[in-house]
Amino acid sequence: GESVGLHLPTLSVQEGDNSIINCAYSNSASDYFIWYKQESGKGPQFIIDIRSNMDKRQGQRVTVLLNKTVKHLSLQIAATQPGDSAVYFCAENIQGDYKLSFGAGTTVTVRA
Amino acid sequence: DAGVIQSPRHEVTEMGQEVTLRCKPISGHDYLFWYRQTMMRGLELLIYFNNNVPIDDSGMPEDRFSAKMPNASFSTLKIQPSEPRDSAVYFCASSWARGETQYFGPGTRLLVL
């Protein structure tokens, strides 16, 4: 039968490999970006953020890259582990706005 | 810091009953947000508060939904009467400043039979 609901992009990664999760944003006025991780049965958790005056920011095993020219954001996870299996959301904020706009999310599955 | 606290974690009720979801934001955070998450629609913003005042409730689906924030450490989301289509996970989030990172609670999983 026909499936309904959001069709989230999926990424299957071998344990130990690096993961790259992509996000396109639509508003050129967005100046603050956040990556969230949501594990099954839990709320979204903050991973890393970046402001529009930066192109790259690194955390522990994670790196966020921002390309404002093509309005693209990516999250790189080094040496992916089983605990990285989750849905990853990007969120953007337009300067001066109260709200964050969330993407649909990418499901990451780590293969042992 | 305990993070954002939500209760109950799970709620099963019958159609027509009143449901009240509760949230305690992170201390010192002036912004509080209520979201609903479903497979069909993803994460939807319902309403948000600044300094206990509702700023934008345009995401509230209909009059059956109401939210209050009587003080800086407590907010409620009420559904009366509840319907099966209200079944979803409801998240509360808080933020220390306008447009900044929002920190989410564990959510309340609501099932309306």
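Preceding block: the structure.
What you are looking at is a predicted structure, and each value in this text was computed from that prediction instead of being measured.

Thresholds applied
- Starting afresh in each chain, residues are numbered from 1 along the sequence in its written order.
- Following the order in which they are written, the chains are lettered starting with A and the ligands numbered starting with 1.
- Residues qualify for local features only when their pLDDT is at least 70, as the model is predicted, and side-chain atom pairs are given and counted only at 80 or more; totals for whole chains, interfaces and linings, by contrast, use all residues.
- Think of the side-chain values as coming from all heavy atoms in the structure, minus any hydrogens and water.
- A pair of cysteine sulfur atoms is labelled a disulfide when the two atoms are within 2.5 Å.
- Under the DSSP-based scheme used, a helix requires at least four consecutive residues in state H or I and a strand at least two consecutive residues in state E, with every element numbered from the N terminus.
- With a 1.4 Å probe rolled over the protein chains alone, any residue whose accessible area is under 20% of its type maximum counts as buried; one over 50% counts as exposed, and the rest are partly exposed.
- Residues are called lining when one of their atoms sits within 4 Å of a cavity or pocket point, these points coming from a 1 Å grid over the protein atoms alone, where a cavity is a set in which a 1.4 Å probe fits but cannot get out and a pocket is an open set with protein on both sides within 12 Å along at least five of seven lines.
- Grid points are joined across faces, edges and corners, and a volume is the space filled by probe spheres set on the points.
- Throughout, the ten residues Ala, Val, Leu, Ile, Met, Phe, Trp, Tyr, Cys and Pro are labelled nonpolar, Asp, Glu, Lys and Arg are labelled charged, and all others, Gly among them, are labelled polar.

(A) Region of interest: the state of the cysteines. Taken as a whole and assessed by the stated rule, the structure comprises two disulfides over all chains. Residue pairing for A:C23: its cysteine sulfur links by disulfide to A:C90, the two sulfurs lying 1.7 Å apart. Measuring the twist about the S-S bond at about 45°, one finds the A:C23-A:C90 disulfide to be right-handed. Here A:C90 lies in strand 8 (residues 86–94) and A:C23 lies in strand 2 (residues 19–24), a separation of 67 residues in the sequence. Comparing A:C23 with A:C90, the two get one shared label, buried. A disulfide bridge connects B:C23 with B:C92, and the sulfur atoms are separated by 1.9 Å. Its torsion about the S-S bond being -65°, the disulfide of B:C23 and B:C92 is classed as left-handed. Remark: B:C92 occurs in strand 9 (residues 88–95) and B:C23 occurs in strand 3 (residues 19–24); sequence separation between them is 69 residues. The burial state of B:C23 is the same as that of B:C92; both residues are buried.

(B) Fine view of the layout of surface pockets. Within this model, the largest pocket holds a volume of roughly 560 Å³. Around the largest pocket, the lining is made up of 26 residues, and of these A:Q38, B:Q37, B:T38, B:M39 and B:V89 lie nearest the centre. Taken together, the elements giving at least two residues each to the lining of the largest pocket come down to strand 8 of chain A together with strand 4 (31–38), strand 5 (42–50), strand 9 and strand 11 (108–112) of chain B. The biggest single contributor to the lining of the largest pocket is strand 9 of chain B, with three residues. Residues belonging to the lining of the largest pocket are distributed by class as follows: 11 nonpolar, 11 polar and four charged. Roughly 170 Å³ of volume is contained in the second largest pocket. Looking at the second largest pocket, it is lined by 15 residues, and the ones nearest its centre are A:K99, A:L100, B:Y35, B:E44 and B:L45. Only strand 9 (101–102) of chain A together with strand 5 of chain B provide two or more residues apiece to the lining of the second largest pocket. Top element by residues in the lining of the second largest pocket is strand 5 of chain B. It accounts for six residues. Counted by class, the lining of the second largest pocket contains eight nonpolar, three polar and four charged residues.

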